[in-house]
Amino acid sequence: MRRGLTMALALVMGAIGLTGIAAGQGTSTTPPAGGANTGLVAQGRQLFIASCSVCHGFNAQGIPGRAPSLIGVGAGAANFYLSTGRMPLPAPHAYPVRATPAFTHAQIDALDAYIGSFGGPGIPAVDPAQGNISNGEQAFALNCAGCHQISARGGIVTGSAVPPLQQASATQIAEAIRLRPHAVSYTH
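Residues numbered from 1 in each chain as written. Predicted model: local features only at pLDDT ≥ 70, side-chain atom pairs only at ≥ 80, totals over all residues. Heavy atoms only, no water.

Within the chain one finds eight helices and two strands. Tracing the chain from N to C terminus, the helices and strands come up as α-α-α-α-α-α-α-β-β-α. The 188 residues of the chain split such that 35% are buried. The long-range fraction of contacts in the chain, counting pairs at least 24 apart against all pairs at least 6 apart in sequence, stands at 66%. Taken as a whole, the chain presents about 10,000 Å² of accessible surface, with 59% of it coming from carbon and sulfur. (Helix = DSSP H or I, 4+ residues; strand = E, 2+ residues; numbered from the N terminus. Buried < 20%, exposed > 50% of the residue type's maximum accessible area, 1.4 Å probe, protein only. Contact = heavy atoms within 4.5 Å. Areas by Shrake-Rupley, 256 points an atom, 1.4 Å probe, with all protein chains shown as cover.)

Below, the discussion takes up helix α4 (residues 74-83). Burial within α4 is extensive, with nine of its ten residues counted as buried. Of the positions making up α4, those classed as buried are G74, A75, G76, A77, A78, N79, F80, L82 and S83. At the C-terminal side of α4, G85 shows a positive phi close to 75 degrees.

The next thing to look at is the side chain of D112. Locating D112 in the fold gives a position in helix α5 (residues 105-116). No salt bridge forms around the buried D112; measuring N to O, its nearest opposite-charge neighbour R178 is 12 Å away. If we skip the residues at most four places from it in the chain, D112 touches A75, A78, N79, L82 and I123. (Lys, Arg positive; Asp, Glu negative; His and termini not counted. Salt bridge = Lys/Arg side-chain N within 4 Å of Asp/Glu carboxyl O.)

Relative to the helices and strands, N79 resides in helix α4. For the pair N79 and T171, spaced 92 residues apart in sequence, the C-alpha separation works out to 9.2 Å. The contacts of N79, once residues within four sequence positions are left out, are T84, I108, D112, I123, T171 and E175.

Under the counting rule described, the total for this entry stands at three aromatic pairs. An angle of 50 degrees between the planes, with centres 5.3 Å apart, marks the rings of F48 and Y114 as tilted. Here F48 is found in helix α2 (residues 38-51), whereas its partner Y114 is found in helix α5, with 66 residues between them in sequence. Ring centres 5.1 Å apart and planes at 85 degrees place the aromatic pair F80 and Y81 in the edge-to-face group. Overall, the relative accessible area of 4% leaves F80 in the buried class. Clustering of aromatic rings is evident, with ring pairs tying together F48, Y114 and F118. (Phe/Tyr/Trp six-rings, centres within 6.5 Å; stacked < 30°, edge-to-face > 60°.)

Using the criterion set out here, one finds zero disulfides in the structure. Of the cysteine sulfurs around C52, a residue in no disulfide, the closest is that of C55, at 8.6 Å. For C52, a relative accessible area of 13% puts it in the buried group. (Disulfide = S-S within 2.5 Å.)

The following block contains the structure:
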């Protein structure tokens, strides 16, 4: 239990410190739109059309009442939802919860490149070894533990299910801090 908490705290501080989240700045491991990755973007578009367009529209513009536009959300958002298995949803109005990813790492990279080609934040580059456990514990206690518990085991709060953080990678935590998917409840 202590090991999981220590890892979560290191991840939080590594994510905050190295992505510049506190300052609103960030680094990215994905190339900007129009970069040399046109083949990956084309592969991502084909996957998107086959697997995502029924909800998000043929050109990622969204379908009212079904799914939002993905224009400008960035590769970081795509990576978070795809790598944690939250997308694709099993049903149109289901709440996105962590599950086994539906796509391989290579397919996720392609989808990230395609969604990233519409602009928005890239995938953050993080290094938990650069974090500070003491500062991480303080930041986690003040900003995260109210819902995720001090042990990072998750739980239930009014109107929302809160996931445990033990399975989350440093990149996923940095993406979640930016995206704030926890701010979305499963109630409609």
